[in-house]
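# Fold and geometry: a report
So the chains spell out like this:
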Amino acid sequence: MKLTSLRALVAAIEEGSLRSAARRLGVSQPALTKLIRELETELGTTLLLRSTTGVVATAQGVVLYERACTAERELQQAVDQIRQLDGRMTGSLTIGAVPLAVMLLVPETLRTFGQAFPEIQLRVSEELYIAQLTRLRKGEVDIALGPLPPELPPGEFAVETLMPTAMVVVVRKGNPLAKARKLADLGQAPWVYTGATADSGYARTLFEQHGLPPPPAGALVNSTLGLLSIITSGNCVGLLPQQIAAHPFAAQYVDVVPVAEGPLMLTLCALARTEMHRKPSVRHFMAHLHRAAHHLTGGLPS
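Our subject in this report is the structure included herewith. (Residues numbered from 1 in each chain as written. Predicted model: local features only at pLDDT ≥ 70, side-chain atom pairs only at ≥ 80, totals over all residues. Heavy atoms only, no water.)

## Considerations on the packing of aromatic side chains
This is how it is decided: Between rings of Phe, Tyr and Trp, where Trp is taken as its six-membered ring, a pair exists when centres lie within 6.5 Å; planes separated by under 30 degrees are stacked, by over 60 edge-to-face, and by other angles tilted. A simple rule labels every residue: compare its accessible area, found with a 1.4 Å probe on the protein chains alone, to the largest value its type can have, and call it buried under 20%, exposed over 50%, or partly exposed in between.
With the rule as written, the count across this model stands at four aromatic pairs. Here the aromatic rings of F113 and F117 are separated by 5.0 Å at their centres, their planes lie at 45 degrees, and the arrangement is tilted. When sorted by exposure, F113 lands in the same class as F117, which is buried.

As structure tokens, this is what we get:
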């Protein structure tokens with residue numbers, strides 16, 4: 001199975017057109033079609049369904065496409081790792097980060113790391129931690145930044161503790177629930193959950209820590225912006241990192257509810273693949289993350 005044939009298949013599926021795929025790869029359309037035909041003959045199956053409007057992958061084509069993308073990423077990672085081990089700090093580094101990390105840690109880290117290693121291309125992707133872990137497992141990101149997952153399999157990733165953070169209870173300004181002083185007072189209010197389902201999430205964790213049944217889910221979101229939008233436009237309650245709740249942008253729209261139980265304490269961490277698969281640039285980026293966290297916390301232990 002030739003790498004050029006796999007790249008032809010990937011381009012055809014992503015472009016949805018053999019002509020566009022050929023243009024993307026800089027080959028003729030007949031040459032690209034021949035490469036894909038060779039793959040189909042080798043595997044004894046149909047990988048693409050062709051029509052007058054373009055091409056789509058069959059179920060078999062999707063399987064090979066996903067594996068081909070993984071192989072391509074791994075090969076590029078190997079190229080970067082080899083060059084960096086030889087002292088040539090080039091290539092790319094992809095960071096997946098929760099909004100809090102993007103706001104607090106990433107700017108300073110990018111500044112100092114970019115000065116030290118200007119030939120490393122940095123990409124930052126902001127998303128929930130569950131999505132980051134999936135991408136880390138697939139090799140789509142090099143480092144994931146966010147709270148340490150509670151049920152992370154031991155030894156799966158290298159984990160570096162960076163800094164503590166507090167998740168505070170917030171409501172929109174003017175919401176009568178801002179006068180609550182106990183979590184129990186908010187137990188019947190609709191809460192915004194961040195995640196795929198209401199079976200997990202920080203709101204549930206906070207209530208369960210204090211022996212209370214989890215509150216009803218008024219909405220499910222997958223971003224801090226979505227959470228803020230729902231809280232500020234209705235009567236939902238939510239949890240925000242204290243640093244974001246105190247930021248001038250958010251503080252003009254939300255109030256922190258001073259419940260007696262206090263905030264939900266989390267630890268912001270960096271996760272990366274094991275040392276065997278780690279590029280030297282990952283180790284250097286981790287060091288710059290620690291410097292940024294130390295600056296933010298004033299040297300307090302995490």
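There is more to say after this.
## Here's the deal with the side chain of T165
Condition: Helix and strand assignments come from DSSP, with helices taken as H or I runs of at least 4 residues and strands as E runs of at least 2, each series counted from the N terminus. Counting of polar contacts relies on pairs of N or O atoms within 3.5 Å, with two restrictions inside protein: one atom must be capable of donating a hydrogen and the other of accepting it, and residues adjacent in sequence are counted only when both atoms are side-chain atoms.
Its location among the elements puts T165 in strand β6 (residues 158–172). One polar contact links T165 to Q243, side chain to side chain, over a distance of 3.1 Å.

## A few points about helix α3 (residues 29–43)
Formally: A helix is expected to span 1.5 Å for every residue after the first. Here the arc refers to the directions that run from the helix axis out to each C-beta atom.
Here α3 contains 15 residues, and its C-alpha end-to-end distance of 21 Å stays within 8% of the 21 Å for a straight helix at 1.5 Å per residue. Among the residues of α3, those classed as buried are L32, L35, I36, L39 and E40. Buried residues of α3 fall within an arc of 135 degrees about the axis and therefore sit on the same side. Facing away from the buried side of α3 by over 90 degrees, the exposed positions are P30, K34 and T41. Its side-chain oxygen placed 3.2 Å from the backbone nitrogen of A31, S28 serves as the N-cap of α3.

## Some thoughts on helix α8 (residues 202–209)
Quick note on the threshold: Contacts were defined at the residue level, with two residues in contact if any of their heavy atoms lie within 4.5 Å.
Along α8, the residues classified as buried are A203, L206 and F207. Projected onto a plane normal to the axis of α8, the buried residues spread over an arc of 95 degrees and lie on a single side. Buried positions along α8 lie against β6, β7 (191–194), β9 (238–241) and β11 (264–272). Positive backbone phi, at 70 degrees, marks G211, one or two positions downstream of α8.

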